[in-house]
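Spelled out from the first residue to the last, the chains are:
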Amino acid sequence: MKPAQIESFFATLQAANPMPVTELEYTSVFELLAAVLLSAQATDVGVNKATRKLFPVAGTPQKILALGLAGLEDHIKTIGLFRSKAKHLMETCRILVEQHGGQVPRTREALQALPGVGRKTANVVLNSAFGEPTMAVDTHIFRLGNRTGLAPGKTPLAVELKLLQRIPAQYVVDAHHWLILHGRYVCQARKPMCGLCAVAAFCDFKPKTA
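Keep in mind that this is a model prediction, so the values were computed, not measured.

Q: Please clarify how the pattern of salt bridges should be interpreted in this entry.
A: Two side chains carrying opposite charge are able to pair once their charged atoms lie near each other. Within this structure, the stated rule accounts for 7 salt bridges. The salt bridge partner of Arg184 is Asp44, with a shortest N-O separation of 3.2 Å. With Arg184 in helix H10 (residues 172-185) and Asp44 in helix H3 (residues 44-57), this pair connects stretches of sequence that are 140 residues apart. Residue Arg184 is classed as partly exposed on the basis of its relative accessible area of 23%. Across the pair Lys77 and Asp74 runs a salt bridge, and its minimum N-O distance is 3.1 Å. Classification of Asp74 as partly exposed rests on a relative accessible area of 47%. Among the charged side chains, a salt-bridge network with shared partners connects Glu23, Asp44 and Arg184.

Q: Got a minute to help me understand the nonpolar core in this structure?
A: In summary, soluble globular proteins display a tendency toward joint burial of nonpolar side chains. Membership of the largest hydrophobic core comes to 35 residues, with the highest contact counts inside it found for Phe30, Ile64, Leu72, Ile76, Leu89 and Leu111. Taken together, the elements giving at least two residues each to this core come down to helix H2 (29-38), H3, helix H4 (61-76), helix H5 (82-100) and helix H7 (119-128). In terms of residue count, H2 provides more of this core than any other element does, 8 residues in total. Look past the residues within four positions of Leu111 in its chain and what remains in contact with it is Val104, Pro105, Val117, Ala122, Val125 and Leu126. Core analysis: the next-biggest nonpolar cluster, separate from the first, contains 24 residues, Leu13, Leu163, Tyr171 and Val199 among them.

Q: How do you make sense of the packing of aromatic side chains when you look at a structure like this?
A: Given two aromatic rings, their pairing is described by the distance between the two centres and the angle made by the two planes. Summed over the entire model, instances satisfying the criterion amount to 4 aromatic pairs. Both rings, one in Phe9 and one in Phe10, keep their centres 5.1 Å apart while their planes meet at 65°; by these two values the pair is edge-to-face. A relative accessible area of 0% places Phe10 in the buried class. An angle of 45° between the planes, with centres 6.4 Å apart, marks the rings of Phe10 and Trp178 as tilted. Here Trp178 lies in helix H10 and Phe10 lies in helix H1 (residues 3-16), a separation of 168 residues in the sequence. The class of Trp178 is buried, set by a relative accessible area of 4%. One aromatic cluster is present, formed by Phe9, Phe10, Tyr171 and Trp178 through successive ring pairs.

Conventions used here
Residues numbered from 1 in each chain as written. Predicted model: local features only at pLDDT ≥ 70, side-chain atom pairs only at ≥ 80, totals over all residues. Heavy atoms only, no water. Salt bridge = Lys/Arg side-chain N within 4 Å of Asp/Glu carboxyl O. Helix = DSSP H or I, 4+ residues; strand = E, 2+ residues; numbered from the N terminus. Buried < 20%, exposed > 50% of the residue type's maximum accessible area, 1.4 Å probe, protein only. Core = buried A, V, L, I, M, F, W, Y, C linked by side-chain atoms within 4.5 Å. Contact = heavy atoms within 4.5 Å. Phe/Tyr/Trp six-rings, centres within 6.5 Å; stacked < 30°, edge-to-face > 60°.

This is the structure in structure tokens:
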């Protein structure tokens, strides 16, 4: 994909959705962090279903700790891998309280030092909560980067770095959301809906589907 095509690609996505947001539901930076941590190998719909009951009861690190491991597990047991996620979230809450005054840190290094928080999760928090130009490469964005020719790469990190290099500055902050939504609902893994795709004209994917 050439620079002019990339500009048109993102201008089109922006026109269709000027203010994209994550589909995870949250009312604070901590709730966002917790939701993203719980979303690994799970759907946003499934996470939201659980957190709608969890967050009103325990929406802060202190309240999660007070809930206890068994109580937390009971609230998130509908989410895949809930036992390991509960342990990670409890330990994360302990570190937030003991080392960060109960606040979510604003640096990638501090975020990635939290149990269960990898580079992708840190990037989501930095982007969605703090407005930083980061790119959280999940399976959708990895697929789009390679399929469209926007940012081909063999690893998520390679795709992430190439996206940050190639996306025009005015689109970078929102690009993560546009790409995830496009991959989730249009450029799907098994059968991309090219006939309904607003950016198909700028895409390198040759075997267009009807």
